[in-house]
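Reading the structure
For reference, the chains in residue letters:
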Amino acid sequence: MRISKPIESGGPFIDQVLVLQNYAEGWTDGKWDEKVDERPCIERLMYSKDKQGYYRGWFWGYEETRGINVTCLSAQGHASVLAPFLQTNITATSVMLDRAETVLHDHYAGKDYWDTRRSMVFAKHLRIIGNDFRAKYLNSTDEKDHTVYSEDWRLMKAKLGSAKGGPYLAVHLRRKDFIWGHREDVPSLKGAVKKIRSLMKKHALENLFVATDADEEELAKLKRMLPEMVRFEPTWEDLEFLKDGGVAIIDQWICAHARYFIGTSVSTFSFRIHEEREILGFDPKTTYNRFCGDSEPECEQPTHWKIVY
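Since this is a predicted model, take the numbers as computed values, not measurements.

Here the focus is the overall build of the protein chain. The helix and strand tally for the protein chain stands at nine helices and 10 strands. Over its C-alpha atoms, taken along the principal directions, the protein chain stretches across nearly 55 × 45 × 40 Å. In the protein chain, which comprises 309 residues, the share counted as buried stands at 45%. In the protein chain, of all internal contacts separated by at least 6 residues, the share reaching a separation of at least 24 is 71%. Across the protein chain, 44 positive and 47 negative side-chain charges occur, with their mean positions spaced 4 Å apart.

Glancing now at the sheet that holds strand β8 (residues 207-212). Spatial strand order, β9-β8-β7-β10: four strands in an open sheet with parallel pairing. Every other strand in the sheet has two partners, leaving β9 (229-230) and β10 (258-262) as the edge strands with one partner each. Inspection of the sheet shows β8 paired to β9 by two bridges, in the parallel sense. Within the sheet, the bridge partner assigned to F209 lies in β9 and is V230. Contacts from helix α6 (residues 189-202) reach β7 (166-173), β8 and β10, with the element oriented near 160° to β7.

Our focus in this paragraph is the packing of helix α2 (residues 111-119) against helix α9 (residues 268-280). Interaxial distance between α2 and α9 falls to 11 Å at its minimum, and their mutual angle equals 90°. When the axis of α2 is compared with that of α9, the two are roughly perpendicular. Counted together, Y113, W114, R117 and R118 of α2 and R272, E275, E276, E278 and I279 of α9 form the full contact between these two elements. Each residue belonging to the contact of α2 with α9 can be placed in one class, and the counts come to three nonpolar, no polar and six charged.

In this structure the tally under the stated criterion is seven aromatic pairs. Geometrically, the ring pair formed by F13 and Y54 is tilted, given 4.9 Å between the ring centres and 50° between the ring planes. On the criterion of sequence distance, the pair formed by F13 in strand β1 (residues 13-21) and Y54 in the loop between β3 (48-49) and β4 (55-56) is long-range, its members being 41 residues apart. Geometrically, the ring pair formed by Y47 and F59 is tilted, given 5.7 Å between the ring centres and 40° between the ring planes. Linking Y47 in the loop between β2 (35-38) and β3 with F59 in the loop between β4 and β5 (66-76), this pair joins segments that are 12 residues apart in sequence. For F59, a relative accessible area of 2% gives the class buried.

Structurally, the position occupied by R118 is in helix α2. Classification of R118 by relative accessible area gives buried; the value is 6%. Along the primary structure R118 and N207 are separated by 89 residues, whereas in three dimensions their C-alpha atoms are 29 Å apart. Here the side chain of R118 touches M156 through a polar contact of 3.1 Å, landing on its backbone oxygen.

A separate point is a nonpolar patch on the surface. A cluster of nonpolar residues, W27, W32 and L104, forms a patch on the protein surface that exposes about 330 Å² of accessible area. Relative to the elements of secondary structure, W27 occurs in the loop between β1 and β2.

Judged by nonpolar contacts, the single largest core of 18 residues is most densely connected at L169, V171, I196 and L208. Contributions of two or more residues to this core are made by β7, α6, β8 and β10. Of the residues forming this core, the biggest block, six residues, is contributed by α6. If we skip the residues at most four places from it in the chain, I196 touches L169, V171, L208, L226 and F291.

Quick look at the environment of S119 now. Tracing the backbone shows S119 in helix α2. Sequence separation between S119 and K159 is 40 residues; the distance between their C-alpha atoms is 17 Å. Separated by 2.6 Å, the side chain of S119 and the backbone oxygen of T116 make a polar contact.

Cut-off values and rules
- Residues numbered from 1 in each chain as written.
- Predicted model: local features only at pLDDT ≥ 70, side-chain atom pairs only at ≥ 80, totals over all residues.
- Heavy atoms only, no water.
- Helix = DSSP H or I, 4+ residues; strand = E, 2+ residues; numbered from the N terminus.
- Buried < 20%, exposed > 50% of the residue type's maximum accessible area, 1.4 Å probe, protein only.
- Contact = heavy atoms within 4.5 Å.
- Lys, Arg positive; Asp, Glu negative; His and termini not counted.
- Charge placed at Lys NZ, Arg CZ, Asp CG, Glu CD.
- Pairing = 2+ DSSP bridges.
- Axes fitted to C-alpha atoms, helices over the stretch in contact; angles between N-to-C directions.
- Parallel < 35°, antiparallel > 145°, perpendicular 65-115°, else oblique.
- Nonpolar A, V, L, I, M, F, W, Y, C, P; charged D, E, K, R; others polar.
- Phe/Tyr/Trp six-rings, centres within 6.5 Å; stacked < 30°, edge-to-face > 60°.
- Polar contact = N/O pair within 3.5 Å; in protein donor to acceptor, adjacent residues only side chain to side chain.
- Patch = residues over 30% accessible without salt bridge, like charges linked within 9 Å, V, L, I, M, F, W, Y side chains within 5 Å.
- Areas by Shrake-Rupley, 256 points an atom, 1.4 Å probe, with all protein chains shown as cover.
- Salt bridge = Lys/Arg side-chain N within 4 Å of Asp/Glu carboxyl O.
- Core = buried A, V, L, I, M, F, W, Y, C linked by side-chain atoms within 4.5 Å.

Okay, structure coming up:
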């Protein structure tokens, strides 16, 4: 849970920034307890005070935004465990929870979750744009890829492993705030390219699609190292119509149809691609893969879960 436009609360200030983290000691005695405590920050805070004493940091491009107070909370359990703590201990008008991926979704992967998620289909005009891009640049169509789509989501009951996917590797490479917020999970550009090259060779794929929030400088470096990569790059006129959200969905749709996908750990963008690939019938082995940080190139890969209809 994050506030994307703090100015809506009356100004550019966030009264209280709460940075979530795990417990430094881990599980005590191997026992799982749901709990929340204010604790010293385990990692160096990625917020710094300016001359006026306000906290500056990455607030999703809103440069005027500042935090008044920043505190670290160790949290263990489902997201709902935060509610009583916040209601009892926080009196601030505006609160931002940073690194909310630390806690678990209360109803993730259950039947109600998947029924709801499957009904949340991408807009048809965005799917059409994504499909046109696949056909033009990636030699990918639903018929060849075994990803025929039904407009009625209730009829989408593809068996896992039935989808083949287009002849390309799809990559979601998260940058910006993830570079410092998840240093152990995000590789350098050189490390990412090494992994991409390895996967393309292993799966005999010559085409590469990249979805990333990298800045222009990093994109230029990536293009030099991966000259064959393609990206969905809308014109300014297209962007006026699609907006950033529409472009993100098109990226996700293209990634969802790849022969093999690798994403970024704890990224909700990658999570949505995982889910869409499950719905389309891809083998989990081609879906649940993530980049590792340079310090741990053979990090643990995410486990997959089963859709319950």
